[in-house]
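Below are the chains, spelled out letter by letter.
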Amino acid sequence: MNRTLIKDLTHHLDEQVTIQGWLQTLRDQKNMQFLIVRDRTGLVQVTHWKKGNPGLAELISGVGTESALTLTGKVVKNDVVKLGGIEIQLEDLKVESAAEIPLPFEPFGEYLPEQDFRMDWRYLDLRREVNQLIFEVQTTAEQAMREYWLEHNFIEIHSPKIVGAPSESGAELFTLPYFEKTAYLAQSPQFYKQMAMAAGFENVFEIGPVFRADPSFTSRHMTEFTGVDMEMSWIDSHEDVMAFMERWLAYTYEKVAGKHGEAIKETLGVELEVPSVPFPRIKMADAHKLLKEIGYKLPPDKLHDLDPGAERAIGSYFKEKEGHDYVFVTDWPFEARPFYHMVDPADRTTRSFDLLGKGLEVSTGAQREHRYAVLRDQALAKGLTEEPIQDYLNFFKYGTPPHGGFGFGLSRFLMILLDLPNIREAVYIFRGPTRLTP
RNA sequence: GGGGGCGUGGUGUAGUGGUUUAACAUGCGGCCCUGUCAAGGCCGAGAUCGCGGGUUCAAAUCCCGUCGCUCCCGCCA
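In this text, all values refer to a predicted model and were calculated from it rather than measured experimentally.

## Observations regarding the protein's contact with RNA strand B
Lining the immediate environment of RNA strand B, one finds 51 residues, of which R27, K30, E87, K302 and N422 sit closest. Taking all atoms of RNA strand B within 4 Å of the protein, the share assigned to sugar and phosphate is 53%. Side-chain polar atom of E87 to a base nitrogen of RNA strand B: 2.3 Å apart, as the coordinates give it. R424 places a polar side-chain atom, nitrogen or oxygen, 2.6 Å from a phosphate oxygen of RNA strand B. Of all the secondary-structure elements, those providing two or more residues to the surface near RNA strand B are β2 (32-39), β3 (42-49), α2 (115-120), α8 (308-322), β15 (360-367) and β16 (403-409). Residues belonging to the surface near RNA strand B are distributed by class as follows: 17 nonpolar, 15 polar and 19 charged.

## Quick word on α8
The end-to-end C-alpha distance of α8, which contains 15 residues, comes to 21 Å, matching closely the 21 Å that a straight helix rising 1.5 Å per residue would cover. For α8, the complete set of buried residues consists of G309, A310, E311, A313, I314, G315 and F318. After α8 finishes, the residue G323 shows a positive phi value of roughly 65°.

## Digging into unusual backbone geometry
Of the consecutive residues I101 and P102, the connecting peptide bond is found in the cis state with omega at -5°. Relative to the helices and strands, P102 is located in the loop between β5 (86-97) and α2. Cis rather than trans, the peptide bond between V277 and P278 has omega equal to 0°. Note that P278 resides in the loop between α6 (238-268) and β12 (281-283). The phi dihedral of F179 is positive, around 50°, even though this residue is not glycine. Within the secondary structure, F179 sits in the loop between β8 (175-178) and β9 (181-185). Positioned with a positive phi, R348 is a non-glycine residue whose angle comes to about 65°. Among the structural elements, R348 can be located in the loop between β13 (326-330) and β14 (352-357).

## A look at the sheet that holds strand β7 (residues 162-163)
Spatially, β7-β9-β8 is the arrangement adopted by the three strands of the open sheet, whose pairing is antiparallel. What marks the edges here is a single partner per strand, and that holds for β7 and β8. Here β8 pairs with β9 via four bridges, running antiparallel. Each residue of the ladder has a partner; that of T175, found in β9, is Y184.

## With respect to the packing of aromatic side chains
One pair of aromatic rings is described through two measures. These are the centre distance and the angle between the planes. Under the counting rule described, the total for this entry stands at 27 aromatic pairs. Aromatic pair W248 and F406: ring centres 5.2 Å apart, planes at 55°, arrangement tilted. Note that W248 is positioned in helix α6 and F406 in strand β16, a separation of 158 residues in sequence. The exposure classification of W248 matches that of F406, with both residues buried.

## Section: the sheet that holds β12
Each strand in a sheet pairs with another by means of backbone hydrogen bonds, the pair being arranged parallel or else antiparallel. Spatial strand order, β6-β10-β11-β16-β15-β14-β13-β12: eight strands in an open sheet with mixed pairing. On the outer flanks of this sheet lie β6 (155-156) and β12, each paired with one strand and no other. Where β13 lies against β14, five bridges are found, and the strand directions are antiparallel. When the sheet's bridge partners are listed, F328 is paired in β14 with L355. Against the sheet, α6 contacts β11 (224-233), β12, β13, β14, β15 and β16, and its axis sits at roughly 40° relative to β16. Contacts from helix α7 (residues 284-293) reach β12 and β13 within the one sheet, and its direction differs from that of β12 by about 90°.

## A word on the pairing of β15
Of all the eight residues making up β15, six are buried; the element is thus mostly covered by neighbouring parts of the structure. Hairpin connection between β14 and β15: a loop of two residues separates the two successive antiparallel strands, and K358 in this loop has a positive phi of roughly 50°. Here β15 runs beside β16; their pairing, made up of five bridges, is antiparallel. The residue of β16 that forms the bridge with S363 is F408.

## Structural notes on the side chain of Q367
By the secondary structure assignment, Q367 is in strand β15. Residue Q367 is classed as buried on the basis of its relative accessible area of 2%.

Rules of the game
- Residues numbered from 1 in each chain as written.
- Chains lettered and ligands numbered in written order.
- Predicted model: local features only at pLDDT ≥ 70, side-chain atom pairs only at ≥ 80, totals over all residues.
- Heavy atoms only, no water.
- Near = heavy atom within 4 Å.
- Polar contact = N/O pair within 3.5 Å; in protein donor to acceptor, adjacent residues only side chain to side chain.
- Helix = DSSP H or I, 4+ residues; strand = E, 2+ residues; numbered from the N terminus.
- Nonpolar A, V, L, I, M, F, W, Y, C, P; charged D, E, K, R; others polar.
- Expected span 1.5 Å × (residues − 1).
- Buried < 20%, exposed > 50% of the residue type's maximum accessible area, 1.4 Å probe, protein only.
- Pairing = 2+ DSSP bridges.
- Phe/Tyr/Trp six-rings, centres within 6.5 Å; stacked < 30°, edge-to-face > 60°.
- Contact = heavy atoms within 4.5 Å.
- Axes fitted to C-alpha atoms, helices over the stretch in contact; angles between N-to-C directions.

Below is the structure:
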């Protein structure tokens, strides 16, 4: 099979070609049949003069839209044709796989079913151009991230997703029967990437699944998502992590904008702007002052934290003030952070940050506490006991460099990048508290 | 887990107490017309209005319960 892609048809004028794709529209007339055929690269009109081949005409009449076809014919220039000014004069057609009639919904209709229904028929939903673009962008973004890491001597790791002990709070863990024991699905690669620091890998990254048993019903939570994690050694503070991260992210934007900028603008109406480096930074204490100034009232139980409304307020403040989509909120109080974040002796804040993108929390990072005794004491201060985290604490017994890193949500990043209103549009298959299929 | 909203043919909507044999669009089936191109025209099938109970002479419409979906909050990426 010598398949020609639809986007390349203009290079084959007056030649016989074979194309493969889906029937998007059939206009079945008295004398002529017009088939609009789609592959990943575009659309083309295929014409058939019925009297030339009545048998073929009959076959075509019975083909449902979205059937998978192989078509052979001659490419001709025809200015009358509104779709690209070319058409294929059909000679042969093979129905590789007929689509049942009717379809559950029309992926290319003038309106879309509600999201939950589209999720039921995700493979049809994904046929839409915008969805193909989203995952092309994701592919390019991940490649750019890897490129940047590899240029900076990072090692890729794949940490286990079946774990024997909680890696952080112990909440939000899925349990799993494991022979005679109970295991858990990893809620984070946190401990394992720190283990790589103890192992002398110096710089590591991992892109992999993360599981959270939190029954969260929002447009930005999933029970399984792809975590983008990295950890780097020999840092002085969280500032080193942020400085790396913003360049890494700007590099990713450059690559995505270069490859898909036009398509993104055309299909999604979003003008990609590569964020300038450095990103704005604001310390948590100052963020609280800022919120007071701009009149955002935090609930009383949020004295050491931010709520989503505050994050959106801070995001739009920096967008307006500095024209920046991203802002680091740094130096969080220990009360709002996990035990392994390093506490700065100067002001008792942690050397940590959240990265907000368009007001959405997309990443959390920190310098980690690498001193065994201090780490143990911080765990105890959080009410943890040593026993379940002893394996983790042991990482810091035999020479572990100062280090830090971040976790970053891949789908949340796509939401921010492409202005998607719901994380379910930014992930291949959504997993939520009540969504286990397809 | 707490709170709000929604649930009407396959799909998207209209209808918020009686004039509704539930309307419109799209899709589906049939016929007609035509090198069509967001094709057009005519006809047709398709919903006991999520489910259960109640109020009323009368319920898609009001009330209660329940289920489903959804958004917000909590929590986080």
